[in-house]
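What follows is the residue order along each chain.
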Amino acid sequence: MSEFAPICIYLVISSLVSLILLGLPFPFASNSSTYPEKLSAYECGFDPFGDARSRFDIRFYLVSILFIIPDPEVTFFFPWAVPPNKIDLFGFWSMMAFLLILTIGSFYEWKRGASDRE
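Residues numbered from 1 in each chain as written. Predicted model: local features only at pLDDT ≥ 70, side-chain atom pairs only at ≥ 80, totals over all residues. Heavy atoms only, no water.

- Looking up the protein in an unreviewed UniProt entry gives the name NADH-ubiquinone oxidoreductase chain 3, with the organism given as Corchorus capsularis.
- Listed in UniProt under the heading Subcellular location (unreviewed entry), the comment for the protein reads: "Mitochondrion membrane". (UniProt positions renumbered as here; feature names shortened; annotations may be inferred.)

A few points about helix α6 (residues 89-112)
- Taking 1.5 Å per residue, 24 residues should reach 34 Å; α6 reaches 34 Å between its end C-alpha atoms and fits that length.
- Where α6 is concerned, the buried positions are G91, M95, F98 and L102.
- Looking at the packing, one finds that the buried side of α6 touches α5 (70-75). (Helix = DSSP H or I, 4+ residues; strand = E, 2+ residues; numbered from the N terminus. Expected span 1.5 Å × (residues − 1). Buried < 20%, exposed > 50% of the residue type's maximum accessible area, 1.4 Å probe, protein only. Contact = heavy atoms within 4.5 Å.)

A short note on the UniProt feature "transmembrane region" (unreviewed entry) in the protein
- Here the UniProt-annotated "transmembrane region" (unreviewed entry) positions come out as residues 7-28, 58-82 and 89-108.
- Helix makes up 95% of residues 7-28 and strand 0%. Its end C-alpha atoms lie 33 Å apart.
- The span residues 89-108 is 100% helix and 0% strand, and its two end C-alpha atoms sit 28 Å from each other.

A look at a nonpolar patch on the surface
- Taken together, the side chains of M1, F4, I7, Y10 and L11 define a hydrophobic patch exposed on the protein surface, amounting to about 610 Å² of accessible area.
- Tracing the backbone shows Y10 in helix α1 (residues 5-23). (Patch = residues over 30% accessible without salt bridge, like charges linked within 9 Å, V, L, I, M, F, W, Y side chains within 5 Å. Areas by Shrake-Rupley, 256 points an atom, 1.4 Å probe, with all protein chains shown as cover. Salt bridge = Lys/Arg side-chain N within 4 Å of Asp/Glu carboxyl O.)

Section: the layout of surface pockets
- Considering only enclosed or pocket space, the largest pocket measures out at about 180 Å³ in volume.
- Contributing to the lining of the largest pocket are L66, I69, P70, E73, L102, G105, S106 and E109.
- Elements with a minimum of two residues in the lining of the largest pocket: α5 and α6.
- No other element matches the four residues that α6 contributes to the lining of the largest pocket.
- Residue composition of the lining of the largest pocket, by class: four nonpolar, two polar and two charged. (1 Å grid on protein atoms, 1.4 Å probe; cavity = no way out; pocket = protein on both sides within 12 Å on 5 of 7 lines; lining within 4 Å. Points joined across faces, edges and corners; volume = space filled by probe spheres on them. Nonpolar A, V, L, I, M, F, W, Y, C, P; charged D, E, K, R; others polar.)

So, the environment of L66
- You can see L66 is positioned in helix α4 (residues 58-68).
- What makes L66 partly exposed here is its relative accessible area of 21%.

Next up, the structure:
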């Protein structure tokens, strides 16, 4: 159990620091109910009109997904950061297969018009 003592101490200290930092602003915060203007909705200086829960075009979600997907894919390129003599043929061809799948997916999105703006 003594080999886990530094980890336990680290967890206790980090939990205490987190709780202190989360609770510290509350005694210094002012009550927002004393300022009725802070409770009113702000929409570019106009009174809000319409419902905030209106229908949202699905293309916005598609664009966000098209931006999010390449981020984890980049992590799969890190094995190529090692010197070429360290990667055997299996590693090389597995990365080529990964690039082929990415290329096919990109062409499919392009042909379907996923990135077209209307």
